[in-house]
Amino acid sequence: MAGGARRFPNISPQDGRVLGHVHEATREDVDAAVRAARHALPAWAALPQDERVRLLHAVADGIMARIDDFVAAEVADNGMPAAFARRVDVPRGAANFRIFADLVRNVPTESFAMTAPDGSPAMNYTLRTPRGVIAVVCPWNLPLLLTTWKVGPALACGNTVVVKPSEETPTATALLADVIAAAGIPAGVFNVVQGFGAGSTGEWLTQHPGVDGVTFTGETATGEAIMAAAAKGVRPVSFELGGKNPAIVFADADLDRAVATLARAAFENCGQVCLGTERIYVERPVFDRFVAGMKAAAEALVIGRSDDPATMLGPLISIGHRDKVLGYYARALADGATLVTGGGIPEVDAALAKGAWIEPTIWTGLPDTSAICREEIFGPCCHIAPFDAEDEVVGRANDTPYGLCASIWTRDLARAHRMAAAVEVGICWINSWFLRDLRTAFGGAKQSGIGREGGVHSLEFYSELRNVCIAL
Ligand code: NAD
Ligand code: 6OD
């Protein structure tokens, strides 16, 4: 890890304790990391594919061998419940290395036998080459999952990387560096620079002329700044950004299943999942039953220490983020919402009093124009509104600048297909949520992203196609 003269505290979201101090990389550290990545690139790109694949599987094995350490890191830095880290974040982090290692071995490239204008035979075929040095800029909400989701395909395609974790969650990526080194990946292939965004490590990395492409997950506004930085030198970007994801529940849906799944979609990881559902439209005949079900589900959530296996809801990432979310809680009431449940700060153990605890919250009664129904809150909350007709709800669901995902609930197969075609999103779930084979496309429409990653789609960003034309 590159070291800097300045250090910043890593603060526990559970109790406000300082867990440790992290070196903030200087501009020189960023430069050194990019140079190390550049230096390591030719040998890594030239490594026989089978050997790269073997090393990436060793990384996946190494993550799983240290699952307790990764879970502890995510619980400490992020405050996510240990059960969630163990079930989702860490295993999916390991899978990201396995899936992309196996994938690159099995993706064919095209070839065409052709006839030249003079009648002689020729052949065109394509080669996939690495893009080069990739800057990977990550958020804090699922640190290991979202970092490996980009590092896995980047390394599998023969690139080298410089990773900038979120300043809120430095530890999982530092641990990953240990695992990667222990697996035998050569020095310089994977580099980490810790620090902040604007005016710090993130900005210096994304502006660095030695970077060949930037892959980023985070807020849409940050994406705009990074896009401007990447414009210099015409570097490509791959962006997974914010969302205001709708769920639409028709009266014929399996209501119990819809409630159980959408309660997860609204509250899991304390609402800090980019795919989370913050606005739910329910067909009028089942509206009251659905709201009652969601209220019961929210009130059944066990709030408590994140390392307690019984805990279902941990704290938000920070007091600063809680202030933002509480601002929306106040705004909802000011806009005339009916508070169904929650709305404040829960009572917690005295030892946790300085943590970023917050109640899961449900509102009804707001117009679609309210900020609560249009802006990403990124907290454990949702607004539930009734609807009367399919066309009406499609228009309402699509009426935000975002387009990450939607979740549709119905037993009518024809309607499910119509809805999937009508919602302006990158991912549409039918009678489900957060269910995706890692080989399929992931990404957002409209202001929720640029490009698609996942499976072969990741290769479009992490490799270049070279067309080779041979006169025979
Ligand atoms: P953020 O945009 O504030 O920060 C993300 C990363 O960018 C951090 O590492 C930060 O230090 C860095 N950064 C900030 N400003 C920068 C700049 N000017 N130049 C370079 N780097 C900069 O996002 P966050 O608060 O960490 O994460 C929450 C956001 O991420 C939410 O909006 C959420 O929807 C989004 N998100 C999207 C997806 C997706 O797949 N679409 C997934 C997870 C999170
Ligand atoms: O499922 C995934 O691979 C993925 N990228 C999930 C993203 C979740 C965002 O918070």
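Keep in mind it's a predicted model, so treat the numbers as computed, not measured. Residue positions are counted from 1 within each chain, in the order its sequence is given. All chains are assigned letters beginning with A, and all ligands numbers beginning with 1, in the order in which they are written. At least 70 in pLDDT is required for a residue's local features to be given in this predicted model, at least 80 for side-chain atom pairs to be given and counted, and no such filter applies to totals for whole chains, interfaces and linings, which use all residues. Calculated side-chain values reflect all of the structure's heavy atoms, with hydrogen atoms and water omitted.

Enquirer: Summarise the nonpolar core; cite the residues concerned and give the values.
Expert: Nonpolar core, defined: a set of buried Ala, Val, Leu, Ile, Met, Phe, Trp, Tyr and Cys residues in which side-chain atoms within 4.5 Å join the residues together. Working definition: with a 1.4 Å probe on protein chains only, accessible area under 20% of the residue-type maximum means buried, over 50% means exposed, and in between means partly exposed. Grouped together as the largest cluster of nonpolar side chains are 106 residues, with contacts concentrated most on Ile63, Val249, Leu275, Ile280, Phe290, Met294 and Ile384. It is helix 4 (residues 82-106) that provides the largest number of residues to this core, a total of eleven residues. For this analysis, residues touch if any pair of their heavy atoms sits within 4.5 Å. The residues touching isoleucine 280, leaving out its near neighbours within four places in the chain, are Ala247, Val249, Leu262, Phe290, Met294, Cys382, His383, Ile384 and Ala385. With 20 residues, the next largest nonpolar core counts Ala33, Val211, Val237 and Leu241 among its residues. Helix numbering and strand numbering both begin at the N terminus, where a helix is a DSSP run of H or I of at least 4 residues and a strand a DSSP run of E of at least 2.

Enquirer: Describe the site of ligand 2, naming the residues involved and giving the relevant values.
Expert: What makes a residue near a molecule or strand is one non-hydrogen atom of that residue sitting within 4 Å of it. In the vicinity of ligand 2 lie 13 residues, with Arg92, Asn141, Cys274, Phe434 and Arg436 positioned nearest. Contact distances for ligand 2 include 2.7 Å between an oxygen atom and a side-chain N or O atom of arginine 436. Using a 1.4 Å probe, accessible areas were evaluated by the Shrake-Rupley method; residue-level cover was limited to the displayed protein chains. Computed on the free molecule, ligand 2 has an accessible area of 310 Å², of which 99% lies beneath the protein chains in the complex. Two kinds of site are reported from a 1 Å grid over the protein atoms alone, namely cavities, where a 1.4 Å probe fits but cannot get out, and pockets, open sets with protein on both sides within 12 Å along at least five of seven lines, and residues are called lining when an atom falls within 4 Å of a point. For this analysis, a molecule is said to be in a pocket or cavity if more than half of its atoms are within 2 Å of the grid points defining it. Taken atom by atom, the bulk of ligand 2 overlaps the largest cavity. Considering each element in turn, the shell around ligand 2 owes the most residues, three residues, to helix 5 (residues 143-156). Polar here means any residue other than Ala, Val, Leu, Ile, Met, Phe, Trp, Tyr, Cys and Pro, which are nonpolar, and Asp, Glu, Lys and Arg, which are charged; Gly is therefore polar. Partitioned by chemical class, the residues of the shell around ligand 2 number ten nonpolar, one polar and two charged. By convention here, the domain bounds are inherited from an automatic or database domain assignment. Looking at which domains feed residues into the shell around ligand 2, each of domain 1 (7-241 + 448-471) and domain 2 (245-437) supplies at least three. Whenever two N or O atoms come within 3.5 Å, that pair is a polar contact, provided that in protein one can donate a hydrogen and the other can accept it, and provided that, for residues adjacent in sequence, both atoms are side-chain atoms.

Enquirer: Give a description of the packing of aromatic side chains that names residues and reports values.
Expert: Ring pairs are drawn from Phe, Tyr and Trp, using the six-membered ring of Trp, whenever the two centres fall within 6.5 Å, and their geometry is named by plane angle: stacked under 30 degrees, edge-to-face over 60, tilted for the rest. Applying the stated criterion across every chain yields a total of nine aromatic pairs. As a reminder, the over-ring test applies to NZ of lysine and CZ of arginine, requiring each to be within 6 Å of the ring centre and within 35 degrees of the ring normal. In this arrangement the basic side chain of arginine 131 is found over the ring face of phenylalanine 461, its NZ or CZ atom lying 5.3 Å from the centre. For arginine 415, the ring lying beneath its charged end belongs to phenylalanine 250, and the centroid distance is 4.0 Å.

Enquirer: Describe the domain arrangement of the protein chain, with residues and values.
Expert: The domain boundaries assigned to the protein chain delineate domain 1 (7-241 + 448-471) and domain 2 (245-437). A separation of 30 Å is found between the C-alpha centroids of domain 1 and domain 2. Facing 26 residues of domain 1, the contacting portion of domain 2 comprises 31 residues. Two parts placed together each lose some accessible area under a 1.4 Å probe, and the buried area is that loss summed for both. Carbon and sulfur atoms make up 53% of the surface buried where domain 1 meets domain 2, a total of about 2300 Å² over both sides. Contact with domain 2 buries surface across domain 1, with Gln14, Trp140 and Ser448 losing the most and accounting together for 25% of the total. Put simply, a salt bridge is a Lys or Arg side-chain nitrogen that is within 4 Å of an Asp or Glu carboxyl oxygen. Counting across the domain 1 and domain 2 interface gives one salt bridge. For glutamate 268, the salt bridge identified is with arginine 87, shortest N-O distance 2.9 Å. Of all the secondary structure elements, the ones that give two or more residues to the side of domain 1 that touches domain 2 are helix 3 (67-78) and helix 4. Of the residues forming the side of domain 1 that touches domain 2, the biggest block, five residues, is contributed by helix 4.

Enquirer: So, the site of ligand 1: which residues are in play, and what are the values?
Expert: Looking at ligand 1, there are 31 residues lining it, with Cys138, Lys164, Thr222, Leu241 and Glu376 nearest. Between ligand 1 and glycine 197, the relevant distance is 3.4 Å, taken from an oxygen atom to a main-chain nitrogen or oxygen of the residue. The separation between an oxygen atom of ligand 1 and a polar side-chain atom of threonine 222 is 2.7 Å. Isolated, ligand 1 exposes 850 Å² of accessible area, and the fraction of that covered by the protein chains is 92%. Secondary-structure elements contributing two or more residues to the shell around ligand 1 are helix 7 (201-207), strand 8 (213-217) and helix 8 (220-231).

Enquirer: Kindly report on the sheet that holds strand 20 (residues 463-471), identifying the contributing residues and their values.
Expert: Strand pairing requires that DSSP identify at least two bridges connecting the strands. The strand order 3-4-20 describes an open sheet built from three strands, whose pairing is antiparallel. Both outer strands of the open sheet, strand 3 (111-115) and strand 20, are each paired with one neighbouring strand and no more. For this sheet, the mean angle separating the axes of adjacent strands, direction not counted, is 25°. With five bridges connecting them, strand 3 and strand 4 (residues 121-130) associate as antiparallel partners. When the bridges of strand 4 are listed, alanine 113 appears paired with methionine 123. Axis lines are fitted to C-alpha atoms, over the contacting stretch for helices. Their N-to-C directions set the angle, which ranges from 0 to 180 degrees.

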